[in-house]
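For reference, the chains in residue letters:
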Amino acid sequence: MRAQTLVDRENRLIAGLTAWVAAALSAEYAWLHARSTEALYGAMCGEGPLAHCAACYAAPMLALAGAGLLAPEGLRALRVVAGSAR
């Protein structure tokens, strides 16, 4: 059995969904880190002298990257539903 190569559309879908999963994991880690920082220091991550952790920056960036990768596929699906597919 030969492996089938992925087309550009499938690559974008895989990369976009992977970015959204990574964003969800980063957001969960950022939330847990903020709660533990609150318990230890009395201030959440990013408040006062405490700097934000990497997960605080990674979560929204990965979510935007996933949305940017999936937007063309969503627009293509809307055009098909509307009947104006190219």
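Coordinates for the structure precede this section.
Residues numbered from 1 in each chain as written. Predicted model: local features only at pLDDT ≥ 70, side-chain atom pairs only at ≥ 80, totals over all residues. Heavy atoms only, no water.

A closer look at the overall build of the chain
At step 1: Scanning the chain from N- to C-terminus turns up two helices and zero strands.
At step 2: Across the 86 residues in the chain, those meeting the buried criterion constitute 17%.
At step 3: In the chain, of all internal contacts separated by at least 6 residues, the share reaching a separation of at least 24 is 60%.
At step 4: Working note: accessible area of the chain is about 6500 Å², and carbon and sulfur atoms make up 66% of it. (Helix = DSSP H or I, 4+ residues; strand = E, 2+ residues; numbered from the N terminus. Buried < 20%, exposed > 50% of the residue type's maximum accessible area, 1.4 Å probe, protein only. Contact = heavy atoms within 4.5 Å. Areas by Shrake-Rupley, 256 points an atom, 1.4 Å probe, with all protein chains shown as cover.)

Quick notes on the environment of P72
At step 1: Tracing the sequence through the fold places P72 in helix α2 (residues 54-82).
At step 2: P72 sits in the partly exposed class, given a relative accessible area of 31%.
At step 3: Remark: the alpha-carbon pair of P72 and L13, spanning 59 residues in sequence, is separated by 9.8 Å.

Concerning the nonpolar core
At step 1: Ranked by size, the top nonpolar core spans five residues in total: A30, A34, C45, C53 and A55.
At step 2: Beyond its immediate sequence surroundings of up to four residues, C53 is in contact with A30, H33 and C45. (Core = buried A, V, L, I, M, F, W, Y, C linked by side-chain atoms within 4.5 Å.)

Comments concerning the side chain of E73
At step 1: Note that E73 resides in helix α2.
At step 2: For E73, a relative accessible area of 8% translates into the label buried.
At step 3: At 3.0 Å, the side chain of E73 forms a polar contact with the side chain of R9.
At step 4: Within polar-contact distance, the side chain of E73 engages the side chain of R76 at 2.7 Å.
At step 5: Setting aside residues up to four positions removed in sequence, E73 forms contacts with R9, R12 and L13. (Polar contact = N/O pair within 3.5 Å; in protein donor to acceptor, adjacent residues only side chain to side chain.)

What to know about the side chain of S26
At step 1: Residue position: S26 is located in helix α1 (residues 8-41).
At step 2: In this structure S26 comes out as buried when scored by relative accessible area, which is 14%.
At step 3: Ignoring anything within four residues of it in the chain, the contact list for S26 reads A55, A58, A59 and L62.

Side note on the pattern of salt bridges
At step 1: In this structure the tally under the stated criterion is two salt bridges.
At step 2: Across the pair R9 and E73 runs a salt bridge, and its minimum N-O distance is 3.0 Å. One end of the pair, R9, is in helix α1; the other, E73, is in helix α2, and 64 residues separate them in sequence.
At step 3: On the basis of relative accessibility, which here comes to 46%, the residue R9 falls in the partly exposed class. (Salt bridge = Lys/Arg side-chain N within 4 Å of Asp/Glu carboxyl O.)

The analysis is restricted to geometry; functional conclusions fall outside its scope.
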